[in-house]
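Topology and contacts: notes
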Amino acid sequence: MKVVSAASKEFAMLAMLIMVFVLLFGTLLYYSEMGYESGYSSIPLGCWWAIVTVTTVGYGDLAPQSTIGRLIGSIAVVLGIVILALPMTVIVSKFNESYGDVKRTTEREQLKNVRAYALANGAIY
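Throughout, residues of each chain are indexed from 1 in the direction in which the sequence is written. Owing to the predicted nature of the model, reporting of local features is limited to residues with pLDDT of at least 70; listing and counting of side-chain atom pairs is limited to 80 or more, with chain, interface and lining totals taken over all residues. Values shown for side chains rest on all heavy atoms present in the structure; no hydrogens or waters enter the calculation.

**Details of helix α2 (residues 8-32)**
Every helix listed is a DSSP run of H or I at least four residues long, and every strand listed is a run of E at least two residues long, numbered separately from the N terminus. To estimate the expected span of a helix, count its residues, drop one, and scale the result by 1.5 Å. Here α2 spans 36 Å end to end across 25 residues, near enough to the 36 Å set by a 1.5 Å rise per residue. Exposed residues in this analysis have more than 50% of their type's maximum accessible area, buried residues have under 20%, and partly exposed residues fall in between, with area computed by a 1.4 Å probe over protein chains only. Residues E10, L14, F21, V22, F25, G26, L29, Y30 and S32 constitute the buried set of α2. Tucked into the core, α2 has its buried residues touching α1 (2-6), α3 (43-54) and α4 (67-120). Pairs of residues are marked as contacts when any of their non-hydrogen atoms sit within 4.5 Å.

As structure tokens, then:
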């Protein structure tokens, strides 16, 4: 839980990037597929496609039919992976910091217990 609270700014940034990405690519795809029988009947449906594409779930229920739509889809896949990967380095760094803090605290407590035991048993004068 410490990692989540320590990386809250990074999670907020990730959420905002994904929202902007979904709105942008959902709208672009809707307008690029107008006039084709591809099933993109509204911008929210285009946003659904963008969410499924960015999260790499890929249900396959909708696919662009036009060349421009396919190009937009290809760009969306590549940028989606990049957008999801960039904040992960910061989040993993926060996890490592938190793990290091817990490890150091545990080691200090163990050392303190060993010293107290040694003093109590006369091993240290």
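Once you've had a look at it, read on.
**Some details on the nonpolar core**
Counting 14 residues, the largest nonpolar core has F21, F25, L29, Y40, W49, A50 and A76 as the members making the most contacts within it. No other element matches the five residues that α2 contributes to this core. Once residues lying within four places of it in the same chain are set aside, the contact partners of Y40 are L29, Y30, E33, L45, G46, W49, L62, A63 and P64. Residues enter a nonpolar core if they are buried and are Ala, Val, Leu, Ile, Met, Phe, Trp, Tyr or Cys, with the set joined through side-chain atoms within 4.5 Å.

**Description of the pattern of salt bridges**
Salt bridges, as used here, are contacts in which a Lys or Arg side-chain nitrogen is within 4 Å of a carboxyl oxygen on Asp or Glu. If you walk through the whole model with that rule in mind, you get two salt bridges. Where D101 meets R104, a salt bridge forms, and the shortest distance between an N and an O atom there is 2.5 Å. On the criterion of helical spacing, the pair formed by D101 and R104 is a turn pair, its members being three residues apart in helix α4. Relative accessible area serves as the criterion here: at 41%, D101 is assigned to the partly exposed category. Residue E109 pairs with K112 through a salt bridge whose shortest N-O separation is 3.8 Å. Linking E109 with K112, this pair stays in helix α4, spanning three residues, or about one helical turn. Taking relative accessible area as the criterion, K112 reaches 52% and is therefore assigned exposed.

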